[in-house]
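# Residue-level structure breakdown
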Amino acid sequence: MSLIEAINAGLHVTAIILLAGALYSEAFLFRRGMTQDDVKKLLLADATHAFSTVLIFITGALRLFLFHSTSHTYLDNPFFALKMLLFFVVVLLSLYPSATFYRWRKALKQGKPSMISYRQHSSVIWLIRLELGVLLLIPMLVTLARAGFGD
């Protein structure tokens, strides 16, 4: 393993941990009646979430297509395919909460409080929880694919 490959692998794992931390932060911070400081922290957690998702995608693609000589083996593995599908499910699940948080940026700049209905709060918090649940399945699928199951 070259130094560049090791750095890429380390960045990939770090980005995954960062994503999990950002999701937990969003779940913890998001509540009705947030102050402007709470909203700022939530927006920072969401930006970290977006950054880590992009970093996971880039470093994962580099690992698969540039650094692995056996990438065709992974691409044919159903556990790896399911892992990739679940990663994109996590990305799709994050769109509604992120869009909700993004709309608050303008209100925050104008000094207005963030407004959210009970239904919207419930939807966002359940989507974040679902993201966390799906994210927990991915390491098991990676392990199964690396061990050669499904070949």
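Counting from 1, residues in each chain are numbered in the order their sequence is written. Residues qualify for local features only when their pLDDT is at least 70, as the model is predicted, and side-chain atom pairs are given and counted only at 80 or more; totals for whole chains, interfaces and linings, by contrast, use all residues. The side-chain figures draw on all heavy atoms in the structure; neither hydrogens nor water molecules are used.

### Side note on the overall build of the protein
Counting secondary structure elements, the protein contains five helices and zero strands. Helical segments are the DSSP runs of H or I of at least four residues, strand segments are the runs of E of at least two, and each set is numbered from the N terminus. Ordered by position from N to C terminus, the α and β elements of the protein give α-α-α-α-α. The principal-axis extents of the C-alpha atoms in the protein amount to approximately 55 × 30 × 20 Å. Per-residue burial over the protein gives 38% buried out of 151 residues. Across the protein, the fraction of contacts at a sequence separation of at least 24, relative to all contacts at a separation of at least 6, is 82%. Each residue is placed in one exposure class: buried if its accessible area under a 1.4 Å probe, protein chains only, is under 20% of its type's maximum, exposed if it is over 50%, and partly exposed if it falls in between. Here, residues are in contact when the closest pair of their heavy atoms is within 4.5 Å.

### Structural notes on the nonpolar core
Counting residues in hydrophobic clusters, the biggest one holds 28 residues, and the most contacted among them are Phe 30, Leu 42, Phe 101 and Trp 104. Taken together, the elements giving at least two residues each to this core come down to helix H1 (3-29), helix H2 (36-67), helix H4 (78-109) and helix H5 (118-146). Here this core takes eight residues from H5, the largest share from any one element. Apart from residues lying up to four places away in sequence, Phe 30 is in contact with Leu 42, Phe 101, Trp 104, Ile 116, His 121, Val 124 and Ile 125. Buried Ala, Val, Leu, Ile, Met, Phe, Trp, Tyr and Cys residues that are joined via side-chain atoms within 4.5 Å together make up what is termed a nonpolar core.

### Concerning the layout of surface pockets
With a probe scaled to a water molecule rolled over the atoms, the places where space remains empty come into view. Its volume calculated, the largest pocket comes out at about 790 Å³. Here a cavity means grid points, on a 1 Å grid over the protein atoms only, where a 1.4 Å probe fits yet cannot get out; a pocket means an open set of points with protein on both sides within 12 Å along at least five of seven lines; lining residues are those with an atom within 4 Å of a point. Around the largest pocket, the lining is made up of 28 residues, and of these His 12, Ile 16, Lys 83, Ile 138 and Val 142 lie nearest the centre. For the lining of the largest pocket, the secondary-structure elements that each account for two or more residues are H1, H2, helix H3 (71-76), H4 and H5. For the lining of the largest pocket, the element with the most residues is H5, which contributes eight residues. Looking at the lining of the largest pocket, its residues break down into 22 nonpolar, three polar and three charged. Grid points are joined across faces, edges and corners, and a volume is the space filled by probe spheres set on the points. Residue polarity is assigned by list, with Asp, Glu, Lys and Arg as charged and Ala, Val, Leu, Ile, Met, Phe, Trp, Tyr, Cys and Pro as nonpolar; anything else, Gly included, falls into the polar class.

### What to know about the packing of aromatic side chains
Pairing of aromatic rings covers Phe, Tyr and Trp, the last counted by its six-membered ring, and requires centre-to-centre distances within 6.5 Å; plane angles under 30 degrees mean stacked, over 60 mean edge-to-face, and any other angle means tilted. Scanning the entire structure with this criterion turns up five aromatic pairs. Seen in terms of ring centroids, Phe 101 and Trp 104 are 5.7 Å apart; in terms of plane orientation they differ by 45°. Their pairing is tilted. Placement of the pair is Phe 101 and Trp 104 together in helix H4, with a separation of three residues, close to one helical turn. The same class applies to Phe 101 and to Trp 104, which are both buried. Connected via pairs of aromatic rings, a cluster forms that spans Phe 30, Phe 101 and Trp 104.

### Some remarks on the side chain of Glu 131
Here Glu 131 shows up in helix H5. Notably, Glu 131 is buried but unbridged: the nearest opposite-charge side chain belongs to Arg 129, and the N-O separation is 11 Å. With residues up to four places along the chain from it excluded, the contact list for Glu 131 reads Leu 23, His 49, Val 90, Leu 93, Ser 94 and Pro 97. Charge assignment in this entry is limited to Lys and Arg as positive and Asp and Glu as negative, and neither His nor the chain termini are counted. When a carboxyl oxygen of Asp or Glu lies within 4 Å of a side-chain nitrogen of Lys or Arg, that pair is called a salt bridge.

### Thoughts on a nonpolar patch on the surface
Nonpolar side chains (Val, Leu, Ile, Met, Phe, Trp, Tyr) within 5 Å and like charges within 9 Å form the patches, drawn only from residues with over 30% relative accessible area and no salt bridge. A 1.4 Å probe and the Shrake-Rupley method give the accessible areas. Residues count as covered only by the protein chains that appear here. Together, Val 54, Phe 57, Ile 58, Leu 62, Leu 66 and Phe 88 give the surface a local cluster of nonpolar side chains, amounting to about 560 Å² of exposed area. Per-element accounting of the nonpolar patch gives the leading share, five residues, to H2. Tracing the chain through its elements places Leu 62 in helix H2. Accessibility expressed as a relative area gives 34% for Leu 62, which makes it partly exposed.

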